[in-house]
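# Reading the structure
Chain by chain, the residues:
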Amino acid sequence: AVEYNIILSECAKRSLVESALGVLDAMERRGTAANVYNYNTVMSACSRAGHLHTAFNVFARMQSKGVEADSVTYGSLINACGKACDLDRALVVFQAVKDSGATPDVVMYGTIIDTYGKHGRIDHALHLLNEMASVGVLPNSHVYNSLIASCGKHNRVSTAFELFEDMQAAGLRPDNFTLSSLLVGCGRAGLADKAWQLFDDMRASGVKMNKFVYNSVISACARCGHLDRAYAALDALQAAGHEPDSFTYSSLITACGNADDLDTAFSLFDSMASHGSTPDAFAVSSLITACGKANQMDRAFDVFESVKRAGLRPHINTYSSLIDACAKRGLLDQAFRLLDELRANGLEPNEFVFSALISGSGKAGLADSALDMFDQARAGRMPPSVYVCNATIDACLRCDQVDKAFEVLAEMQRLDLPPD
RNA sequence: UCUGAUAUGAAAU
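Below you will find a few notes about this structure. Treat the numbers as computed from the prediction; the structure is a model and nothing was measured.

The rules behind the values
- Residues numbered from 1 in each chain as written.
- Chains lettered and ligands numbered in written order.
- Predicted model: local features only at pLDDT ≥ 70, side-chain atom pairs only at ≥ 80, totals over all residues.
- Heavy atoms only, no water.
- Helix = DSSP H or I, 4+ residues; strand = E, 2+ residues; numbered from the N terminus.
- Rg over C-alpha atoms; globule rule 2.2 N^0.38 Å.
- Buried < 20%, exposed > 50% of the residue type's maximum accessible area, 1.4 Å probe, protein only.
- Contact = heavy atoms within 4.5 Å.
- Areas by Shrake-Rupley, 256 points an atom, 1.4 Å probe, with all protein chains shown as cover.
- Lys, Arg positive; Asp, Glu negative; His and termini not counted.
- Charge placed at Lys NZ, Arg CZ, Asp CG, Glu CD.
- Near = heavy atom within 4 Å.
- Polar contact = N/O pair within 3.5 Å; in protein donor to acceptor, adjacent residues only side chain to side chain.
- Nonpolar A, V, L, I, M, F, W, Y, C, P; charged D, E, K, R; others polar.
- Core = buried A, V, L, I, M, F, W, Y, C linked by side-chain atoms within 4.5 Å.
- Salt bridge = Lys/Arg side-chain N within 4 Å of Asp/Glu carboxyl O.
- Phe/Tyr/Trp six-rings, centres within 6.5 Å; stacked < 30°, edge-to-face > 60°.
- Lys NZ or Arg CZ within 6 Å of the ring centre and 35° of its normal.
- Expected span 1.5 Å × (residues − 1).
- Patch = residues over 30% accessible without salt bridge, like charges linked within 9 Å, V, L, I, M, F, W, Y side chains within 5 Å.
- Axes fitted to C-alpha atoms, helices over the stretch in contact; angles between N-to-C directions.
- Parallel < 35°, antiparallel > 145°, perpendicular 65-115°, else oblique.
- Left-handed = near helix turned anticlockwise from the far one by under 90°.

### Looking at the overall build of chain A
Across its full length, chain A holds 24 helices and 0 strands. Computed over the C-alpha atoms, the radius of gyration of chain A is 24 Å, within 12% of the 22 Å expected from 2.2 N^0.38 for a compact globule of 420 residues. Overall size of chain A, expressed as C-alpha extent along the three principal axes, is 65 × 55 × 45 Å. Expressed as a percentage of the 420 residues in chain A, the buried residues total 48%. The long-range share in chain A, meaning contacts at least 24 apart out of those at least 6 apart in sequence, stands at 59%. When the accessible surface of chain A is totalled, it reaches about 20,700 Å², and 52% of it is carbon and sulfur. Taking the 37 positively charged and 49 negatively charged side chains of chain A as two groups, their mean positions are separated by 3 Å.

### Regarding the protein's contact with RNA strand B
Not every one of the 61 residues close to RNA strand B is listed here, only the nearest: Asn5, Asn40, Ser250, Asp280 and Phe352. What you see for RNA strand B is that sugar and phosphate hold 45% of its atoms within 4 Å of the protein. Separating a base nitrogen of RNA strand B from a side-chain N or O atom of Asn317 is a distance of 3.0 Å. Side-chain polar atom of Ser355 to a base nitrogen of RNA strand B: 2.6 Å apart, as the coordinates give it. Considering every element that reaches the surface near RNA strand B, the biggest residue donor is helix α7 (residues 106-118), with 7 residues. In terms of residue class, the surface near RNA strand B is made up of 15 nonpolar, 34 polar and 12 charged.

### A few points about the nonpolar core
Core analysis: the biggest nonpolar cluster contains 133 residues, and Val42, Leu163, Ile253, Leu322, Ile323 and Ile358 have the highest contact counts within it. Setting aside anything within four residues of it in sequence, one finds Ile253 in contact with Ala265, Leu268, Phe269, Met272, Ala283, Ser286 and Leu287.

### Description of unusual backbone geometry
One non-glycine residue, Ser15, lies in positive phi territory at about 60°. With respect to the helices and strands, the residue Ser15 is situated in the loop between α1 (2-13) and α2 (17-29). Assessed through its relative accessible area of 29%, Ser15 is described here as partly exposed. The phi dihedral of Asp260 is positive, around 60°, even though this residue is not glycine. Its place among the elements puts Asp260 in the loop between α15 (246-258) and α16 (262-271).

### What to know about the pattern of salt bridges
Applying the stated rule across the entire model yields 20 salt bridges. A salt bridge links Glu411 to Arg378, with the shortest nitrogen-to-oxygen separation between them at 3.3 Å. Residue Glu411 is found in helix α24 (residues 402-414), and its partner Arg378 is found in helix α22 (residues 367-379); the two are separated by 33 residues along the sequence. Residue Arg378 is classed as partly exposed on the basis of its relative accessible area, which comes to 35%. Because the salt bridges share partners, they merge into one network encompassing Asp25, Glu28, Arg61 and Lys65.

### Details of the packing of aromatic side chains
Summed over all chains, the structure comprises 6 aromatic pairs. Measuring from ring centre to ring centre gives 6.2 Å for Phe161 and Phe164, while their planes differ by 85°; the resulting arrangement is edge-to-face. Linking Phe161 with Phe164, this pair stays in helix α10 (residues 157-169), spanning 3 residues, or about one helical turn. Each member of the pair, Phe161 as well as Phe164, is classed as buried. Over the ring of Phe56 we find Arg89, and its NZ or CZ is 4.0 Å from the ring centre. Here Arg299 stacks its cationic end above the ring of Phe266, 4.1 Å away from the centre of that ring.

### Thoughts on α7
In this model, α7 (13 residues) spans 18 Å end to end at C-alpha, consistent with the 18 Å of a helix rising 1.5 Å per residue. With respect to burial, α7 is a largely interior element, 10 of its 13 residues being buried. Considered for burial, the residues of α7 that qualify are Met108, Tyr109, Gly110, Thr111, Ile112, Ile113, Asp114, Thr115, Tyr116 and Gly117. Lining the buried residues of α7 we find α5 (71-83), α6 (87-99), α8 (122-135) and α9 (141-153). Between the side-chain oxygen at the start of α7 and the backbone nitrogen of Val107 there is a gap of 3.1 Å, and the oxygen is on Asp105.

### Some details on a nonpolar patch on the surface
Judged by side-chain polarity, Leu397, Val402 and Phe406 come together as a nonpolar surface patch covering roughly 280 Å² of accessible area. Relative to the helices and strands, Phe406 is located in helix α24. On the basis of relative accessible area, Phe406 is assigned to the exposed category, the value being 54%.

### What about the side chain of Ser146?
With respect to the helices and strands, the residue Ser146 is situated in helix α9. Aside from chain neighbours lying at most four places away, what touches Ser146 is Ile113 and Asp114.

### Observations regarding the packing of α1 against α2
Where α1 meets α2, the closest approach of the two axes is 9 Å, and the angle between their N-to-C directions is 165°. Classified by the interaxial angle, the pair formed by α1 and α2 is roughly antiparallel. Crossing handedness for the pair α1 and α2: left-handed. For the pair α1 and α2, contact is made by Tyr4, Ile7, Leu8 and Cys11 and by Ser19, Ala20, Val23 and Met27, respectively. Of the residues in the contact of α1 with α2, the class split is 7 nonpolar, 1 polar and no charged.

Now the structure itself:
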């Protein structure tokens, strides 16, 4: 069973669910009883591949064989639910562990906290952190880092910094995960100086920083419109022996866009390929956004057309940035035409597309159109996000439809989406 | 140490 598991873990690394199941079958045929490691490893493959249903099938299979589940089994199941964005199901498994009289271990807590955080349920995540203390499970740096990252992404930077203090008080060393999470949070909150100071402190302290950290500072500087600092961080990245990658480039393009240097944005984009980075949909989207910001919509459409001319079908990110730029520049008809086009290309509008169209409609005084988009967002596979709801509320209010705005608020409560 | 959890790029209020 140990040898089989070496094969199984190779399958898991590659998310090869079918192969893993095949190995499990082969074990049975050859009369080798699968042990808990084998089942756990197959479940890990399911979780990476996002095959939640299969993960539960494997769980049932191991139980029918009389193999007892351990904490790794439950941890894997919870993770599979989280990776499949099924928070409710993750909670059911987590609760089942508690109901069995066991105390969830630090990984299970960490997994649930991470899932809550990724869903923007920061308060629920923090509540579980307190619960850990009360049941005597010590949070490790995975737990803190995950929370810090989620806070940074959901407008809770000050909480992120409190957690940063807490983890140090608990004797945990901040690492590259901590640092990049904080930097991103600062960037999103517009705290350029704080981000730069953090970066400087870490440089001075001699902590080895990886490319995630350098790219995070560059992105923070870019978001805050600090082109000079973005370049300084690029120098530091290279001085540390790293090569800029496509993450670096798309941030740099954004930095130029936000510093009103559209020509440099274009030349960075054009130089990507010769520097070993494929100009991907993120770079295209950065560039289109930069054009929109500079009020050069003709250039934005040129970029869009050049993607098509290259024989590529535009990515959803490409559409969403162009739709947003159109909506912001009052080209609402074009924006809606692009919505039709992306659907005709087999793509599904995401929450960014919807909120761009909703706020564009609101600014044009078209409450019905905004509400129609809200309904379409609700009809989608994923529940509407807080952003879509907020955009709709804002659109209703701009159109003096106060009652409608309150209906959306009520809908948020029905969806258990905490208003921010 | 045969199995489970954390960080980087565009964009929406």
